[in-house]
Amino acid sequence: MKYIFITGGVVSSLGKGLTSGALGALLETRKLKVRIQKFDPYLNVDPGTMSPFQHGEVYVLDDGAETDLDLGHYERFTHCQLSRFNNLTSGQVYEHVIQKERRGDYLGKTVQVIPHVTNEIKARIYAAGEGVDVLITEIGGTVGDIEGLPFLEAMRQFSLEVGKENVLFIHVTLLPYLKAAGELKTKPSQQSVAKLREIGIQPDILVCRTEEPMTEDMRQKLSMFCNVEQKAVIEEMDVKHSIYELPLMLSTEGMDKLVVERLGLKCPESDMTAWNSIVRRLVSPKGGECKIAVVGKYIDLQDAYKSIYESLAHAGVGNDCSVKIIRVDSEAVEAGGPEKYLADVDGILIPGGFGDRGIEGKIMSAKYARENKIPYFGICLGMQIAVIEYARSALGLEGANSSEFNENTLYPVITIMDEQKNIVDKGATMRLGSYECRLVPETLAYKAYAQETVRERHRHRYEFNNAYRERLENAGLRIAGVNPKRDLVEIVEVSGHPWMLGVQFHPEFQSKPSKPHPLFCAFVAEALKFSKSRLEK
Ligand code: GLN
């Protein structure tokens, strides 16, 4: 059993999560079994209560854990199975330690960061390693942050316990490019490594994030000042086209070879065939292009709809075509009308969301898609929007809404789930995680999945109101998927429209470049068709 710890230096948003995911992918190409986990030093128990402005997307696992979006990268880059035990926050550590203290488990001792907090962290490293060859643990934040110290201390102790030959420390750092000086600078990296060494951690590998290629001189300098072998100074340039180039890039730099040598891992050489083919399809697709509008309220944020954007890219791989994403602000649609923003797109996707800001703009976009027969994919809130729009237009239920946005609506076609009614706490209380969905034959969904039952991940409090089911069905809304245990509507489709589909779940959490999600694939295929017919016209 081998352990890799990944820390970050100089600045946040270095792409440590991507580096961890890509390293995991590389080790898998050598037939090693890996698991990747993340430790986040903040005090929230999980990111589920954080705003997208603070934290980007909340990623949901099969078991219903609301986790950091980096776990999304881990699942997309590798085949590892993750659970709520793979995203540890300081909030969870302290919660657990304090519960134990209240129970009297510490037998009269003074409870302290060392050893009680660090023991708790180490226990999570041991537990997560079971059943795999290599466990990669990424530490969130930047070396030098006060709140990250207990995690670094725990790593140091851990490597002493399991033997240094079984542990590898990788430090991801930034080489800023100074335009005026015309060169990359190494000093911030030197200082951040010095900070690590102060706590007793010597990185084995230095991954240098840079916009410009490094010179041999710089590698030498970094090697000397940071006390890292020269061949262990790895260059990680910004990727040109896609994040999925990263495994290839790191492989060219010899990163996986270095890691297996250092850890004494016995494994075959890497086989990059699959990654080469994925990247070929991303970089030079053969099958044309389609434009997909994602209509949301966080369009300026890189990370708010991360898994959606990724899944669209995967569907591009699946269809061997280019998918151009147009980010459309739902409030702008509300103000300026859909025509202005959606007239030349080939598909409209409405992602998940909470709260009433921009809702009417989303409803207008769904109406526009339905009337103009533009392929439409509604995800979670996007499905609810399609239902509201249909109730208003096809049934003439004026003011139909979700009770989330108008508690007093006369026609609550989307309503709070029974079991949600008395819940007051916000953390981890939604309908979360993987549930079964039975598909109805001869629907678009059934065709796409080519399966009778599927499991998909959820994160919502409101649902399709079955009191309106019959009327909506009679008016042409097709129920294409249902949760069999509780008869909850999971998928709706609009008859007479080539491809208008809404799902109450989040398919974007189960898509990978190596296994694009069937619904995203079908949606993009339909958008491609639409784009071709538009060009012909
Ligand atoms: N706000 C809606 C609900 O809670 C949709 C949630 C979502 O899109 N994830 O049901």
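Residues numbered from 1 in each chain as written. Predicted model: local features only at pLDDT ≥ 70, side-chain atom pairs only at ≥ 80, totals over all residues. Heavy atoms only, no water.

A count of helices and strands for the chain gives 19 helices and 23 strands. Relative to the globule expectation of 24 Å for 537 residues, the C-alpha radius of gyration of the chain, 25 Å, shows essentially globular dimensions. Looking at the chain residue by residue over its 537 residues, the buried ones come to 57%. For the chain, contacts bridging at least 24 residues in sequence account for 74% of all contacts bridging at least 6. (Helix = DSSP H or I, 4+ residues; strand = E, 2+ residues; numbered from the N terminus. Rg over C-alpha atoms; globule rule 2.2 N^0.38 Å. Buried < 20%, exposed > 50% of the residue type's maximum accessible area, 1.4 Å probe, protein only. Contact = heavy atoms within 4.5 Å.)

Taken together, 9 strands build an open sheet; the order of strands is S13-S12-S14-S15-S23-S22-S21-S18-S19 and the sheet is mixed. With partners counted over all chains shown, the strands left at the sheet margins are strand S13 (322-329) and strand S19 (453-460), one partner each. Sheet twist, expressed as the average angle between the axes of neighbouring strands with direction ignored, equals 25°. With 3 bridges joining them, strand S14 (residues 347-350) and strand S15 (residues 376-379) adopt parallel strand pairing. (Pairing = 2+ DSSP bridges. Axes fitted to C-alpha atoms, helices over the stretch in contact; angles between N-to-C directions.)

We now examine helix H1 (residues 16-28). Taking 1.5 Å per residue, 13 residues should reach 18 Å; H1 reaches 18 Å between its end C-alpha atoms and fits that length. Across the 13 residues that make up H1, a large majority, 12, are buried. Taken together, the buried positions of H1 are occupied by Lys16, Gly17, Leu18, Thr19, Ser20, Gly21, Ala22, Leu23, Gly24, Ala25, Leu26 and Leu27. (Expected span 1.5 Å × (residues − 1).)

Side-chain positions along a regular strand alternate between the two faces of the sheet. The side-chain alternation of strand S23 (residues 500-503) yields two buried faces, one formed by Met500 and Gly502 and the other by Leu501 and Val503. One ladder, built from 4 bridges, connects S15 with S23; its direction is parallel. The residue of S23 that forms the bridge with Phe377 is Leu501. As paired elements, strand S22 (residues 488-494) and S23 share 3 bridges and run antiparallel to each other. Residue Glu493 lies in a different strand from S23, and its bridge partner there is Leu501. Between S22 and S23, which follow one another and run antiparallel, lie 5 residues, and Gly496 among them has a positive phi close to 80°.

We now examine the sheet that holds strand S11 (residues 233-237). Within the open sheet, the 7 strands sit side by side as S5-S2-S6-S1-S7-S10-S11. Their pairing is parallel. What marks the edges here is a single partner per strand, and that holds for strand S5 (87-89) and S11. Each adjacent strand pair in this sheet contributes to an overall mean axis angle of 20°, direction not counted. Bridging between strand S10 (residues 205-210) and S11 involves 5 bridges; their strand directions are parallel. Along S11, the bridge assignment pairs Leu206 with Val233. Helix-sheet contacts for helix H4 (residues 90-103) involve strand S2 (34-40) and S5, and the interaxial angle to S5 is about 70°. Across the sheet, helix H7 (residues 187-198) is in contact with strand S1 (2-8), strand S7 (167-174) and S10; its angle to S7 comes to roughly 145°.

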